[in-house]
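Notes for the structure review
The residues making up each chain are set out below.
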Amino acid sequence: MKHIILSLALAGVIAPVVPAPLDAGTITRACMKSDRKAANRRLCVCIQRAARKTLSSSDQRMAASFFKDPHRSQEIRQSDRSSHETFWKRYKKFGERAKQMCS
């Protein structure tokens, strides 16, 4: 009985130190739901890691929308809005980073 209680007590102390999985992001979920043949958990998690290093949370949400509606990316790229232009520059950097990290 002492061993069980000790084990549970140690688990309560050690568990909070373990980092949360990095795959629960917006990009990962969109990637996994996409109908692309190359989409798999390892690749989607890698792309998410690249996104976290390059894009803000709102940028990640916009980028994730491209998995469901690829035409949306063209609309953003061709938009005259300055916010879309600056997003697109960050998105291109993200794409380059993802390619380097995940290829």
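Placed above this text is the structure.
Read on for an overview of the structure. (Residues numbered from 1 in each chain as written. Predicted model: local features only at pLDDT ≥ 70, side-chain atom pairs only at ≥ 80, totals over all residues. Heavy atoms only, no water.)

1. Things to note about the state of the cysteines
Considering all chains together, one arrives at two disulfides under this definition. The side chain of cysteine 31 participates in a disulfide bridge whose partner is cysteine 44; the two sulfur atoms lie 2.0 Å from each other. Here the S-S torsion is close to -65°, and the disulfide linking cysteine 31 with cysteine 44 is therefore left-handed. Residue cysteine 31 is located in helix α2 (residues 26-33), and its partner cysteine 44 is located in helix α3 (residues 41-54); the two are separated by 13 residues in the primary sequence. What makes cysteine 31 buried here is its relative accessible area of 3%. For cysteine 44, a relative accessible area of 0% corresponds to the buried category. Disulfide partner of cysteine 46: cysteine 102, at an S-S distance of 2.0 Å. Measuring handedness by torsion sign, the sulfur bridge of cysteine 46 and cysteine 102 sits at about -100° and is left-handed. Taken together, the positions of cysteine 46 in helix α3 and cysteine 102 in helix α6 (residues 82-102) put the pair 56 residues apart, joining distant regions of the chain. Each of the two residues, cysteine 46 as well as cysteine 102, counts as buried. (Disulfide = S-S within 2.5 Å. Helix = DSSP H or I, 4+ residues; strand = E, 2+ residues; numbered from the N terminus. Buried < 20%, exposed > 50% of the residue type's maximum accessible area, 1.4 Å probe, protein only.)

2. Section: the nonpolar core
Counting residues in each nonpolar core, the largest one holds twelve residues, listed as Ile27, Ala30, Cys46, Ile47, Ala50, Ala51, Leu55, Ala63, Ala64, Phe94, Ala98 and Cys102. Elements with a minimum of two residues in this core: α2, α3, α4 (57-68) and α6. Ranked by residue count, the leading element in this core is α3, at four residues. (Core = buried A, V, L, I, M, F, W, Y, C linked by side-chain atoms within 4.5 Å.)

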